[in-house]
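Coordinate inspection notes
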Amino acid sequence: MTPAQDTIVAIATPPGAGGVGIVRLSGPAAQAIAATICARALSPRRACHVHFRDADGGTLDDGIALSFPGPASFTGEDVVELQAHGSPVVLQQLVARACALGARLARPGEFSERAFLNHKFDLAQAEAIADLIAAADARAARAARRSLEGVFSDRVDGIGQSLLALRVHVEAAIDFADESIETLGGEQVRERLLDARRRLEALLVDAERGRKLRDGVHAVIVGPPNAGKSSLLNALAGSDRAIVTDVAGTTRDTLRETVRLDGLELHLVDTAGLREGGDAIEREGMRRARLELGRADVALAVVDARDPDAGRAAIADSLQDVGTVLWIHNKADLLADVPAEDGDHVYVSAARGTNLDRLHDRLRALAAGPASEGGDGEFSARARHVDALRRAAAHAALAAEHLAHEHLELAAEELRLAHDALGEITGRLSADDMLGHVFSTFCIGK
Ligand code: GDP
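Now for the site of the ligand. Lining the immediate surroundings of the ligand are 18 residues, of which N226, G228, K229, S231 and D333 lie closest. In the environment of the ligand, an oxygen atom lies 3.0 Å from a nitrogen or oxygen atom belonging to the backbone of A350. Look at the ligand: alone it shows 570 Å² of surface, and the protein chains cover 82% of it. Element by element, the count of residues in the shell around the ligand is highest for helix α8 (residues 229-237), at three residues. Class assignment of the residues belonging to the shell around the ligand gives a composition of seven nonpolar, seven polar and four charged.

Structure follows, in structure tokens:
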């Protein structure tokens, strides 16, 4: 990787006024530019009290300057931090002065991108920085922190290395075409591939949890008209956002609400009641309901507790492709005897708010899904990671099939594809355009 030729500058602290504001510089001219602004040379890694000067030598502000010569810096390049009073005007003046002295404004995420390109961390760890900054609570922050420390990347790398070693073995066997793979350790290869696939599956489970921690869980409320879907949304959201009426077919479109349950964000979608017939608008609502179901992590199937079988019959078809379904028997207040909660069946009264805490518990447990056995705790992950892991698992499965049939070339190719998919997560094999996409979602100054 050729070192960057240009020097970038950005305000690293959030927009607005604050006690302290930081302007960060990175690149070959960072030290020279800072020395001019501060009118003195800066000692490495020492806080220096300085006066920041404008072009005429006048004082813009006074503050602290910190110099981190590369490669022992965040980006791996020469980095300088100018800590001024947190006045947006002063900070802008410092940035303008740095630009006049040869720096250019950093793009969003460019500091992290440079750190990645200088091998300070891999792509999943770089993304974890953004996740840590955006974390909405302690649990999400802890998970992002663990990804940043490399918990996720280490597992990805470990599996990647196993797949690579297997591929080397299989390719060596191809060169000995006269011999059967059995004499070349075929049994051992199959066992090691099985082990790698198990580790991949376990990682997929944990990454899926990590993704939900980061992005939240998409839950779709479905049920026949009048079962109490809107009432449930209101009860969960603690507001009157959804219109609750007793005329069947009132919720014709989809309503969204985000609820936070102990560190887990639940994106709730209330859908039109699923029933046959209805007018054109209602049918469009139902079409959207089915679309939402296709993307949902979990369906909250609401039925009238007095006649759950009818409710189930009405919506069973629509739930066929949904992985996780929680059955919510609503209007339990109208039952003489409320049955005990049973597996995925919860009895509540949305209108009266009865048993909603149990529903919260079930949702939290169901939505996040179980951790893999032997996994070592939560880490944050993204949809792109989960997708790459799925592809890697699919290629590894195909490799196993080809191995079983002694199609060694095909097995080697699938192992290569599985390894490449894992490489996308850490960025070891990333295409430039993907890098650009990942870092462009960062904020400026990161
Ligand atoms: P939706 O069509 O499934 O969205 O149903 P709504 O939430 O609009 O509710 C339909 C009717 O059932 C309204 O009259 C609500 O007041 C009533 N309802 C909703 N939840 C409950 C409940 O827990 N107990 C009772 N008794 N009535 C309820």
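With that out of the way, let us pick up helix α12 (residues 383-404). Given 3.6 residues per turn, any residue in an α-helix points the same way as the ones three and four places further on. Spanning 22 residues, α12 covers 32 Å between terminal C-alpha atoms, matching the ideal 32 Å at 1.5 Å per step. Along α12, the residues classified as buried are R384, H385, V386, A388, L389, A392, A393, A396, A399, H402 and L403. Positive phi appears at E406, one or two residues downstream of α12, with a value of about 60°.

Before going further, it helps to examine helix α13 (residues 408-426). Helix length check: α13, at 19 residues, gives a terminal C-alpha distance of 28 Å against a target of 27 Å (1.5 Å per residue), a fit within 8%. Structurally, α13 contributes buried residues whose contacts are with α3 (110-117), α4 (123-134), α6 (151-175), α7 (186-215) and α12. The positive-phi residue at the C-terminal boundary of α13 is G427, with phi of around 85°.

Once that is clear, we can look at unusual backbone geometry. Following G70, the chain continues to P71 via a peptide bond in cis, the omega torsion being 0°. On the secondary structure map, P71 appears in the loop between β4 (59-68) and β5 (79-86). Located in the positive-phi region is H119, a residue other than glycine, with phi close to 60°. Its location among the elements puts H119 in the loop between α3 and α4. Its identity as a non-glycine residue notwithstanding, K331 has a phi of 65°, on the positive side. Relative to the assigned elements, K331 resides in the loop between β11 (324-330) and β12 (345-347).

What follows concerns the side chain of H385. Considering the arrangement of structural elements, one finds H385 in helix α12. A distance of 3.4 Å separates the side chain of H385 from the side chain of R384, its partner in a polar contact.

The next thing to look at is the packing of aromatic side chains. Summed over the entire model, instances satisfying the criterion amount to two aromatic pairs. Measuring from ring centre to ring centre gives 4.7 Å for F152 and F379, while their planes differ by 15°; the resulting arrangement is stacked. One end of the pair, F152, is in helix α6; the other, F379, is in the loop between α11 (356-368) and α12, with 227 residues separating them in the sequence. Among the residues examined, F379 registers a relative accessible area of 1% and is labelled buried.

Before going further, it helps to spend a moment on the sheet that holds β5. Pairing between sheet strands relies on hydrogen bonds along the backbone, with the strands arranged either parallel or antiparallel. Pairing within the open sheet is mixed, and its six strands lie in the order β3-β4-β5-β2-β1-β6. The sheet terminates laterally at β3 (48-53) and β6 (104-105), the two strands that pair on one side only. When strand β2 (residues 18-26) meets β5, the two strands line up antiparallel, connected through eight bridges. Bridge pairing in β5 links V23 to L82. Along the sheet face, α3 touches β1 (8-11), β2 and β6 and points at about 135° away from the line of β1.

The contact between α12 and α13 brings their axes to 8 Å, and the two run at 165°. As judged from the angle between their axes, α12 and α13 are roughly antiparallel. You can see that α12 and α13 cross each other, and the crossing is left-handed. Residues R384, H385, A388, L389, R391, A392, H395, A396, L398, A399, H402 and L403 of α12 touch α13, and the partners they reach there are L408, L410, A411, E414, L415, L417, A418, A421, L422, E424 and I425. Here the residues of the contact of α12 with α13 are counted per class, giving 16 nonpolar, three polar and four charged.

The next thing to look at is the environment of S230. Assignment of secondary structure puts S230 in helix α8. The sequence separation of S230 and V302 amounts to 72 residues, and the corresponding C-alpha distance is 10.0 Å.

Another point: the nonpolar core. If you look at the biggest cluster of nonpolar residues, it comprises 34 residues, and the most contacted ones within it are F152, L163, V170, L200, L389, L422 and I425. Elements with a contribution of two residues or more to this core: α6, α7, α12 and α13. The residues contacting I425, other than those within four sequence positions of it, are L123, A124, E127, F152, V156, R384, H385, A388 and L389. A34, C38, L82 and L91 belong to the second largest nonpolar core, which has 24 residues in total.

Another aspect to go through is the pattern of salt bridges. Inspection of the entire model under this criterion finds 30 salt bridges. The network of salt bridges with common partners includes D6, E77, R104, R107, E110, E113 and R114.

Calculation criteria
What you see as residue numbers is a count from 1 along each chain, following the sequence as written. Per-residue local features of the predicted model are confined to residues with pLDDT of at least 70, and side-chain atom pairs are confined, for both listing and counting, to 80 or more; whole-chain, interface and lining totals are unaffected and use all residues. Excluding hydrogens and water, the side-chain figures rest on all heavy atoms present in the structure. Proximity criterion: a residue is near a molecule or strand once any of its heavy atoms comes within 4 Å of it. The definition of a polar contact used here is a pair of N or O atoms within 3.5 Å, where within protein one atom must be able to donate a hydrogen and the other to accept one, and adjacent residues in sequence count solely through side-chain atom pairs. Accessible areas in this description were obtained via Shrake-Rupley with a 1.4 Å probe; residue shielding takes into account the shown protein chains only. Put simply, DSSP H or I for four residues or longer makes a helix, DSSP E for two residues or longer makes a strand, and each gets a number counted from the N terminus. Just so you know the grouping, Ala, Val, Leu, Ile, Met, Phe, Trp, Tyr, Cys and Pro go in nonpolar, Asp, Glu, Lys and Arg go in charged, and all remaining residues, Gly too, go in polar. Helix span is expected to be 1.5 Å times the residue number reduced by one. When accessible area is computed with a 1.4 Å probe and restricted to protein chains, residues below 20% of their type maximum are described as buried, those above 50% as exposed, and intermediate ones as partly exposed. The contact rule is simple, with two residues in contact once any of their heavy atoms fall within 4.5 Å. Aromatic contacts are taken between Phe, Tyr and Trp rings whose centres are within 6.5 Å, Trp giving its six-membered ring; a plane angle under 30 degrees counts as stacked, one over 60 as edge-to-face, and the others as tilted. Any two strands with at least two DSSP-identified bridges between them are counted as paired. Simply put, an axis is a line fit to the C-alpha atoms, just over the touching stretch for a helix, and the angle between two N-to-C directions goes from 0 to 180 degrees. Just so you know how the angles are binned, under 35 degrees is roughly parallel, over 145 roughly antiparallel, 65 to 115 roughly perpendicular, and the rest oblique. Helix crossings are classified by the rotation of the near helix relative to the far one: an anticlockwise turn of less than a right angle makes the crossing left-handed, while a clockwise turn makes it right-handed. Nonpolar core, defined: a set of buried Ala, Val, Leu, Ile, Met, Phe, Trp, Tyr and Cys residues in which side-chain atoms within 4.5 Å join the residues together. We define a salt bridge as a contact between a side-chain nitrogen of Lys or Arg and a carboxyl oxygen of Asp or Glu at a distance within 4 Å.

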